[in-house]
Amino acid sequence: MLRVDKATFLYAPERGVEAASLIVDPGEVIGVIGGNGAGKSTLLGLISAALVPQSGSVTLSLSEMGGRTKRFSSSFGIGYRRQVGYLTESAPVYGELSVRRYLSFRARLHGVGVFRLRHRLSDAMERCGLASVWKAPIASLSLGLQRRVALAEALLAVPAVLVLDDPFAGIDATQRAAMTEIIREVAVRSHVFISGHDPLLLQACCTRFVLMERGRVVADALDVKEAMMRLQPEVVQKEARS
Amino acid sequence: MVFLTLLKREFAQLLCSGHGILPVCLTLAGANVLLVRFLMRAEGMAETLPALWGLASAFGLPFLAAVAASRGFTQDRETGMMRLMFATPVRARSWVVGKVSAAWCLCVLYLAGMAVSCYVLLRWLLPEDVQIFASWQGFLLAASALLLQALLWCCIGTFVSLFSRSSASTFLCSLASCLFAPTVVMSLVTMLTSSGNLQWPWFPLQTMVYDCACGLVDVRVAVGCLTVSVVLVYASGIVFDALRLCATER
């Protein structure tokens, strides 16, 4: 079980995330929705351990990514980070490397041993449909395929927590469907978080929605209709009228 | 293990980028021109070849180290890779050491190139009647001093790259630090600690290489270089963690 307990991270007053609390069971796919600047990416940053909470904590079973203390050290949260797969909003990759070499590099950083490396790589590439382009330099691939490479990287560590920050941005419907399928497969044993602006895009893979406004979790356990009502009431009303 | 993975990756990326082979070639060309001029002036004087070689190499080294190290974290910041690095289960110090050693390896490549070109110059290009004194010991001492300095410059460049938003500003800041910081720091220390009128040369570390090659090894400078490098690596690790705590990866 993953527990976010009053996690706070403020860049400036009223900018960031304040006292966010969530409890997520394995197998759940949480859609984190909200407008621009609502704090979605910051919340996902906290869950992925890219950010360290200023107060509160993020706990996964026994690994805690707790609030900062006076004894903060560089190795803090490494155990937790080993269990996280993270796809950032910009999905950065090293374009000059081939798909296989890039994934191999990232897998090594995640502590995947030499003996498991080959299996993990082929598994991740097969899942993400990259088996045919494994030799190609990443820069030569389309944006959708580059996103898939970033997704494959997030899956390399067989993550207990998979964090996907706006994964469907800039990709077409076909790629989106393929990505949704992958997320569903992974979600069987992981805690998955996906952020986005449109609940309709996320509904195919999310089991529940969390709505964020001005850095706060204002509603939890919403279904897609409730999420739409809260986020885009005009659209729902227009549809009801028509 | 992680360190080796990072070193391999960073060095390969450095070589492929505009901060790799091209600057090495340009610096080699400049340093060789300098070496030839030194050799022409040295005719009939008591200069030794290792000292001239060391001096010529020492003037190119800060430029190359500044170029190589300026990529450092600035590149990752520009491509948005920093947030992914924060979420990776790798210690800050490993990132720093990986980047410093990649830049240092490029400097080693440059010194190897200088050694080869010096051999070619002596073997085929220098007139046979020219006599110039050379010893392996002198070369070894000069190379050691240069490698130590390269480490210092790379540490300075990597440290600066943590703060800077563009490679160009990182390059300029680290080059200025490489060239003038030793003189300023040493002069300040002298002013604060002794009452004598000790004058430091403009380029004390380059002069140190020349002295080393002549057999005048100043252990204090060598220890100073090493200590400052270790302190900078440690400080860079702390700054990286501080960036993560403040989330200023952009």
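Residues numbered from 1 in each chain as written. Chains lettered and ligands numbered in written order. Predicted model: local features only at pLDDT ≥ 70, side-chain atom pairs only at ≥ 80, totals over all residues.

1. What about the pairing of strand S10 (residues 216-222) of chain A?
Residue and element names in this part refer to chain A. As paired strands, strand S9 (residues 208-213) and S10 are joined by four bridges and run antiparallel to one another. Directly across from Leu211, in S10, lies its bridge partner Ala219. The hairpin turn running from S9 into S10, its antiparallel successor, is two residues long, and Arg214 in that turn takes a positive phi close to 45°. (Pairing = 2+ DSSP bridges. Helix = DSSP H or I, 4+ residues; strand = E, 2+ residues; numbered from the N terminus.)

2. A closer look at the interface of chain A and chain B
Counting residues at the interface gives 25 residues for chain A, matched by 23 residues for chain B. Only helix H2 (78-81), strand S6 (84-87) and helix H3 (99-109) of chain A provide two or more residues apiece to the side of chain A that touches chain B. Top element by residues in the side of chain A that touches chain B is H3(A). It accounts for three residues. Grouping the amino acids of the side of chain A that touches chain B by side-chain chemistry returns twelve nonpolar, eight polar and five charged. (Contact = placed C-beta atoms within 7 Å. Nonpolar A, V, L, I, M, F, W, Y, C, P; charged D, E, K, R; others polar.)

3. Side note on helix H6 (residues 173-187) of chain A
Residue and element names in this part refer to chain A. End to end, H6 covers 21 Å across 15 residues, agreeing with the expected 21 Å (1.5 Å per residue, within 8%). Within H6, burial applies to Met179, Thr180, Ile182, Ile183, Val186 and Ala187. Around the axis of H6, the buried residues are gathered within 165° of arc, so they sit on the same side. Among the exposed residues of H6, those oriented more than 90 degrees off its buried face are Ala173, Thr174, Ala177 and Glu185. Its buried side turned inward, H6 meets strand S3 (29-33), helix H4 (114-127), helix H5 (143-155), strand S7 (161-164) and strand S8 (191-196). (Expected span 1.5 Å × (residues − 1). Buried ≥ 20, exposed ≤ 12 C-beta atoms within 10 Å, placed from the backbone. Arc of directions from axis to C-beta.)

4. Observations regarding the packing of H3(A) against H5(A)
Residues and elements named next belong to chain A. One can describe the packing of H3 onto H5 by two numbers: an axis separation of 9 Å at closest approach and a directional angle of 30°. What the angle tells us is that H3 and H5 run roughly parallel. Judged by the twist between their axes, the crossing of H3 over H5 is right-handed. In this structure, H3 contributes Val99, Tyr102, Leu103 and Arg106 to the contact, and H5 contributes Val149, Ala152 and Glu153. Class assignment of the residues belonging to the contact of H3 with H5 gives a composition of five nonpolar, no polar and two charged. (Axes fitted to C-alpha atoms, helices over the stretch in contact; angles between N-to-C directions. Parallel < 35°, antiparallel > 145°, perpendicular 65-115°, else oblique. Left-handed = near helix turned anticlockwise from the far one by under 90°.)

5. Section: the nonpolar core
If you look at the biggest cluster of nonpolar residues, it comprises 152 residues, and the most contacted ones within it are B:Ala65, B:Ala103, B:Cys107 and B:Cys154. It is helix H3 (residues 49-79) of chain B that provides the largest number of residues to this core, a total of 16 residues. There are two domains that each give this core at least three residues, and those are domain 1 (2-83 + 160-241) and domain 2 (94-158) of chain A. Excluding anything up to four places from it in sequence, B:Ala103 contacts B:Leu14, B:Ala65, B:Ala68, B:Ala69, B:Cys154, B:Gly157 and B:Thr158. (Core = buried A, V, L, I, M, F, W, Y, C linked by C-beta atoms within 7 Å. Domains from an automatic or database assignment.)

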